[in-house]
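# A look at the structure
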Amino acid sequence: MNKWQRINYQPGTPLGSKGERITASQAHLALSKEAAREGMVLLKNEKALLPLPKGSKIALFGKATIDYVKGGGGSGDVTVSHITNLYDGFTQLDSLLLCEELIDFYKKNVDKQYARRREPGLTVEPELPDPLLDRAAAFCDTALISLCRFSGEGWDRKASNDQAVIVSEAWTDDTARQSQEIFERGDFYLSRAEEALIEKVKSRFDKIIINLNVGGMVDSSWFAGDDRIQSVLLSWQGGMEGGLAAAELFCGAANPSGKLVDSFAKELTDYPSTENFHESPDYVDYTDDIYVGYRFFETLPGASKRLNYPFGFGLSYTDFSFTPLSAELIDDLIKVDVNLTNRGDCEGREVLQLYSQAPQGKLGKPSKELKAFKKSRLLKRGESEIITLEIPLETLASYDDLGRVQKAAYVLEKGEYRFFLGNSSRDGILLDFSYQVKENRIIEQLESRLVPTALKKRLLADGTYEELPTGPGNNPNEHGLEPQNTADWEGMMPQSRFENYHKRGLPGEEEPTLLDVWTGKENLDNFMTRLKEDDLIHLLGGQPNRGVANTFGWGNIPRLGIPNAMTADGPAGVRIEKQCGVTTTAWPCATLLASTWDEEILFAVGEAGAKEMEENNLAIWLTPAVNIHRSPLCGRNFEYYSEDPLVSGKLAAAMVRGIQSRGIAATVKHFAFNNKETNRKESDSRLSERAAREIYLKAFEIIVKEADPWAIMSAYNMVNGHRTSECHELLEDILRGEWGFKGVVTSDWWTRGEHYKELLAGNDIKMACGTVERLKEALEKGLIRRTDLERSARRVLELLLRL
């Protein structure tokens with residue numbers, strides 16, 4: 001095909017080698033299932049209850065057996081041809097004997113709730129009739145209880161009974177009571193109906209397995225210390241084939257190899273973020289500072305006792321041993337070689353994790369920080385693999401935001417740096433090797449950015465707090481046009497804005513086109529000089545949908561041969577217009593993908609998703625999303641990777657490389673500090689510069705430096721009093737100036753930032769629709785210049801030329 005032929009003319013040509021469509025093909029469904037299997041985490045398996053032998057009898061309890069949650073809602077949802085639930089998975093395997101009467105009960109109940117306008121995943125647990133329980137217990141002695149959770153974009157999970165309760169008039173009284181109770185208690189914990197079901201099953205069955213079909217952290221105390229519950233599989237939200245993936249693990253067709261990417265505490269209140277998460281809809285104080293997740297639980301006095309399952313934890317059906325072979329420093333790179341051996345009875349994979357322990361020094365530091373990891377290949381019984389783990393010396397440095405050693409610099413404080421090798425943040429051995437720093441060493445000198453404006457204190461390693469100085473920050477866009485209510489722009493469509501613009505016609509014979517730039521007949525500098533101010537402004541806003549798209553396009557000046565490149569939401573799959581009748585592959589949720597700890601499978605998923613983009617004539621995929629799991633209460637955690645920036649950054653970078661290997665633009669989001677959905681367009685994330693750099697920006701930094709994403713999406717929220725989409729320090733000084741980002745920055749859809757302020761801050765495109773009149777007014781009043789328009793328009797054109 002010719003350059004931009006798909007984008008311009010929308011030919012429905014399949015990409016398969018034999019002329020078949022690859023979108024939601026069997027190969028992609030198989031990859032989705034494989035990814036799901038690799039990321040599911042076996043939390044408990046007493047007396048080796050799992051895997052279940054072929055021919056075993058089992059009773060499946062819980063409405064989640066049928067009502068399987070493939071992923072979260074909002075941009076994290078896709079339209080699919082089917083969803084394989086757990087019962088379907090067992091049926092396809094035909095390996096176990098199931099109590100079908102129980103299945104009939106749950107099928108009818110779920111269908112009834114769907115008929116009352118209940119969404120999948122938001123159904124409630126029905127009361128189990130005692131006679132049915134008796135017959136199930138007579139059928140077998142093994143029970144598998146499935147529980148599910150659903151969350152989505154635009155709302156957070158609840159922590160207490162002061163949250164709003166939404167009850168549909170179509171519900172029955174019993175359903176309404178259960179739903180109200182779920183909202184009041186919060187879905188981190190079991191509902192009373194779930195508690196009742198579990199107690200009933202425990203009273204009649206000797207062998208009990210739990211399946212957790214969830215998108216984020218949940219309460220684990222009810223099973224962690226209960227000897228009556230022998231096995232627990234954290235199957236996450238596994239995409240459209242997740243039920244089959246879980247069934248294969250339960251039956252031993254594959255071996256669990258997923259590892260936790262979050263710390264599972266005993267109580268919700270054990271997470272330091274819980275205390276103030278819902279304190280105000282207008283702000284969040286990140287008082288936990290750098291002590292997020294395992295950095296908190298492994299460091300603060302007494303905190304380690306508040307964990308049920310540590311970061312990085314995950315069981316297998318086999319056993320592994322590892323032996324360090326060597327550890328040395330070569331040219332500012334610490335290299336550790338490890339011999340890993342499968343000592344068990346079946347094949348499997350293991351994840352080796354290397355943690356550093358820095359001296360506390362003047363800055364204070366977490367007791368452990370993950371610095372390298374690697375997942376093994378599939379090892380047969382008795383087989384070994386030598387794995388090399390590498391730590392760049394610069395990654396051991398800490399950021400000094402207050403000048404205790406060197407202000408605004410990454411520093412290696414003097415002292416001994418030690419290293420722990422293991423398979424979780426808790427289980428590991430101290431290496432004989434250590435790195436000695438005799439004098440404080442400046443690794444990188446920067447300038448202070450994102451200075452706190454309202455955060456008054458932050459947590460220290462000993463559990464106390466220190467007061468923080470605050471300032472007004474440094475935002476060059478403080479004054480300008482008469483303020484307008486930017487909320488009035490929400491929902492504004494490109495079609496209405498640019499209807500007249502597109503009547504100017506097709507390319508003329510004498511006027512160079514962007515295709516001429518691509519072929520070398522014209523250079524981009526000359527091409528830019530021919531663009532009128534209206535052309536430049538036009539390029540800085542979203543464009544009308546075409547084909548199967550429903551999230552608008554970039555570019556779109558037919559007169560100049562500039563294509564209208566369509567975007568598509570992610571990250572659970574290629575999300576397109578439902579009415580078009582095209583279904584795509586629903587991949588596992590991002591948290592599950594991260595739990596694979598496998599860069600190769602993330603690359604494969606990214607590449608496959610990009611092929612579906614290409615086949616459907618889409619060009620810019622709005623994924624991956626890498627905000628940190630600061631709190632279990634964030635409703636969008638399923639769409640993000642981990643509490644740890646290294647895991648998030650490395651795995652998402654692999655995803656980006658996979659996407660862009662097909663000539664599709666990846667768009668990393670939400671930049672940055674979007675760790676809460678409540679009032680997300682006005683909420684202020686208030687944090688220290690150190691926490692920003694070491695925790696919340698680090699994953700983005702890794703992706704930019706290692707994967708060169710073609711686009712980044714700024715976030716809705718504010719940071720230290722400034723909208724991220726209007727924040728020059730974030731978008732220009734840090735992203736472009738410090739990290740060297742060369743791509744396009746787009747706003748999230750219908751932000752409440754001022755378009756001309758976003759432009760000056762380095763936010764190139766305002767989605768879904770630019771505010772043309774405001775840009776023209778700012779231009780007329782001298783608040784912006786043509787060179788400002790050209791700078792961002794050029795970035796848009798450079799991205800289009802890469803497609």
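In what follows, the structure referred to is the one given above.
One structure accompanies this document, and this report is about it. Since we're looking at a predicted model, the values are computed, not measured.

What counts, and where the lines are drawn
Residues numbered from 1 in each chain as written. Predicted model: local features only at pLDDT ≥ 70, side-chain atom pairs only at ≥ 80, totals over all residues. Heavy atoms only, no water. Pairing = 2+ DSSP bridges. Helix = DSSP H or I, 4+ residues; strand = E, 2+ residues; numbered from the N terminus. Axes fitted to C-alpha atoms, helices over the stretch in contact; angles between N-to-C directions. Salt bridge = Lys/Arg side-chain N within 4 Å of Asp/Glu carboxyl O. Buried < 20%, exposed > 50% of the residue type's maximum accessible area, 1.4 Å probe, protein only. Phe/Tyr/Trp six-rings, centres within 6.5 Å; stacked < 30°, edge-to-face > 60°.

Looking now at the sheet that holds strand 8 (residues 283-285). Taken together, 4 strands build an open sheet; the order of strands is 8-26-28-29 and the sheet is mixed. Strands with a single pairing partner mark the edges of an open sheet, and in this sheet they are strand 8 and strand 29 (722-723). Pairing geometry for strand 26 (residues 684-686) and strand 28 (residues 718-719), over 2 bridges, is parallel. Each residue of the ladder has a partner; that of Asp-684, found in strand 28, is Met-718.

Across the sheet, 3 strands lie side by side as 10-11-14; this open sheet has antiparallel pairing. The open sheet is flanked by strand 10 (320-330) and strand 14 (384-392), the only strands paired with a single partner. Here the average twist between neighbouring strands, direction ignored, is 20 degrees.

Any two side chains of opposite charge can pair, on the condition that their charged atoms come close. Scanning the model with the defined rule gives 70 salt bridges in all. Residue Glu-38 pairs with Arg-349 through a salt bridge whose shortest N-O separation is 2.9 Å. Here Glu-38 is found in helix 2 (residues 26-39), whereas its partner Arg-349 is found in the loop between strand 11 (333-342) and strand 12 (351-357), with 311 residues between them in sequence. Take Glu-38 and Arg-349: they sit in the same class, and that class is buried. The salt bridge partner of Glu-614 is Arg-662, with a shortest N-O separation of 3.1 Å. Of this pair, Glu-614 sits in helix 17 (residues 599-615) while Arg-662 sits in the loop between helix 18 (645-660) and strand 25 (665-671); the two residues are 48 residues apart in sequence, bridging distant segments of the chain. If you follow the salt bridges from partner to partner, you end up with Glu-153, Asp-569, Arg-575, Arg-636, Glu-639, Lys-669, Glu-677 and Arg-680 in one network.

The subject of this paragraph is helix 21 (residues 728-738). Across the 11 residues that make up helix 21, a large majority, 9, are buried. Among the residues of helix 21, those classed as buried are Glu-729, Leu-730, Leu-731, Glu-732, Asp-733, Ile-734, Leu-735, Arg-736 and Glu-738. Positive phi shows up at Gly-740, right after helix 21, with a value of about 80 degrees.

This brings us to the packing of aromatic side chains. With the rule as written, the count across this model stands at 23 aromatic pairs. Ring plane angle 75 degrees and centroid distance 5.1 Å describe the contact between Tyr-286 and Tyr-696, whose orientation is recorded as edge-to-face. With Tyr-286 in the loop between strand 8 and helix 11 (294-297) and Tyr-696 in helix 19 (residues 689-696), this residue pair connects regions lying 410 residues apart in the sequence. In this pair, the class of Tyr-286 matches that of Tyr-696, namely buried.

In regular strands, side chains alternate between the two faces of the sheet. A large share of strand 22 (residues 553-557) lies buried, amounting to 5 of its 5 residues. Of the strand pairs in this sheet, strand 22 and strand 23 (residues 562-569) are connected by 4 bridges, and their pairing is antiparallel. By the bridge assignment for strand 23, Gly-555 is matched with Asn-564. The loop that links strand 22 with its antiparallel partner strand 23 comprises 4 residues; one of these, Gly-561, has a positive phi angle of about 70 degrees.

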